[in-house]
Amino acid sequence: MAEEVILLDFWPSVILLDFWPSLFGMRVRIALTGKGVSYEYRDENLQHKSPLLLQMNPVHKKIPVLVHNGKPICESLNIVQYVDEFWKDKSPLLPSDPYQRAQARFWADYTDKMIYNCIRGIYTGKGEEQEKAKKEFIEVLKVLEGELGEKPYFGGESFGFVDLSFVPFYSWFYAMEELGKFSIEEGCPKLVAWAQRCMEKDSVAKILPDQHKVFDFVLQLRKDFVKE
Ligand code: GS8
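Residues numbered from 1 in each chain as written. Predicted model: local features only at pLDDT ≥ 70, side-chain atom pairs only at ≥ 80, totals over all residues. Heavy atoms only, no water.

Where do I start with the packing of aromatic side chains in this structure?
Working definition: an aromatic ring pair is given by the centre-to-centre distance plus the angle between the planes. Evaluation of the coordinates by the stated rule reveals 19 aromatic pairs. Considering the side-chain rings of Trp20 and Phe217, the 5.6 Å spacing of their centres and the 65° angle between planes classify their relative orientation as edge-to-face. In this pair, Trp20 sits in the loop between β1 (14-18) and α2 (23-35) while Phe217 sits in helix α12 (residues 211-223), placing the two residues 197 residues apart along the sequence. With relative accessibility at 22%, the residue Trp20 sits in the partly exposed group. Between Trp107 and Tyr110, the ring centres sit 5.3 Å apart and the planes meet at 70°, which makes this aromatic pair edge-to-face. Residue Trp107 and its partner Tyr110 are both found in helix α5 (residues 98-124); the two are separated by three residues, about one turn of the helix. The exposure class assigned to Trp107 is buried, which follows from its relative accessible area of 12%. The exposure class of Tyr110 is buried, given its relative accessible area of 15%. (Phe/Tyr/Trp six-rings, centres within 6.5 Å; stacked < 30°, edge-to-face > 60°. Helix = DSSP H or I, 4+ residues; strand = E, 2+ residues; numbered from the N terminus. Buried < 20%, exposed > 50% of the residue type's maximum accessible area, 1.4 Å probe, protein only.)

Take a look at the structure:
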């Protein structure tokens, strides 16, 4: 019993294990910030993962991990849904209608599966391989632009789960454009306008890192894959 009390005293109630340029980590940071939840942020060195990360995510050993009252929650979209359910009174992210919720999860999952692969293809690829990733990236963005339609947000009139899942990618747009020598705005003007609209929200503006800083990071990352 005494041990339990010490443990609870020791743990700040919310800790986020993360890495600053992580598109997945940004989702969780935006969710917590939007909900007004204070949390301890711990930036991991992914080459030398902390014992806490290995203990809290023994399956994938990846960030982000939310540690709430000493208990881990893993996988960014799963964490965001947990945050939305636990702190349900402020800024709801998922719609209450079951069909709308299913649709929101579908599109969030789409951003996960489709965009990250293209981005990876752009920063790890050269020549034809990179061209293919670029083309696919624009196609995927156009599909998302179609889903957005004339709405201000994917969630309709307010910023929601799909917006939150997708907007971190905006911080990597500049790096992709520089590496791929193309303009995303030219192909997808409405999507860029949507991202800029999201940036007007404090919870997004505070969290998304500077695009130039991300570009420097991506250049370093690229060195591990491509010998120029
Ligand atoms: C992806 C997390 C991830 O790839 C999620 O949380 O949504 N599906 C997961 N995390 C990366 C850093 S961001 O690219 C990571 O922790 N990598 C460390 C490793 O692979 O060893």
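Even after reading the chapter, I still don't get the environment of Phe159, so can you show me in this structure?
Mapped onto the fold, Phe159 is located in the loop between α6 (127-148) and α7 (161-166). Among the residues examined, Phe159 registers a relative accessible area of 10% and is labelled buried. Sequence separation between Phe159 and Lys132 is 27 residues; the distance between their C-alpha atoms is 32 Å. For Phe159, the contacting residues outside a window of four places in its chain are Ile30, Pro92, Leu93, Tyr153, Leu164, Val167, Cys198, Lys201 and Val204. (Contact = heavy atoms within 4.5 Å.)

Would you explain the domain arrangement of the chain in this entry?
When the parts of a complex come together, some accessible area is lost, and that lost area is often used as the size of the interface. For the chain, the domain assignment lists domain 1 (2-86) and domain 2 (98-223). Taken over C-alpha atoms, the centre of domain 1 sits 24 Å from the centre of domain 2. With 17 residues of domain 1 in contact, the opposing surface of domain 2 contributes 25 residues. Roughly 1,800 Å² is buried in total at the junction of domain 1 and domain 2, and carbon and sulfur atoms are behind 78% of that figure. When the area that domain 1 buries against domain 2 is broken down by residue, the three leading residues are Trp20, Leu23 and Ile30, summing to 36%. At the junction of domain 1 and domain 2, the tally comes to two salt bridges. On the surface where domain 1 and domain 2 come into contact, there are four residue pairs in polar contact (both at pLDDT 80 or more). Sorting the residues of the side of domain 1 that touches domain 2 by element identifies α2 and α4 (76-86) as the ones contributing at least two each. Taken together, the residues that form the side of domain 1 that touches domain 2 break down as eleven nonpolar, three polar and three charged. (Domains from an automatic or database assignment. Buried area = accessible area lost by both parts, 1.4 Å probe. Salt bridge = Lys/Arg side-chain N within 4 Å of Asp/Glu carboxyl O. Polar contact = N/O pair within 3.5 Å; in protein donor to acceptor, adjacent residues only side chain to side chain. Nonpolar A, V, L, I, M, F, W, Y, C, P; charged D, E, K, R; others polar.)

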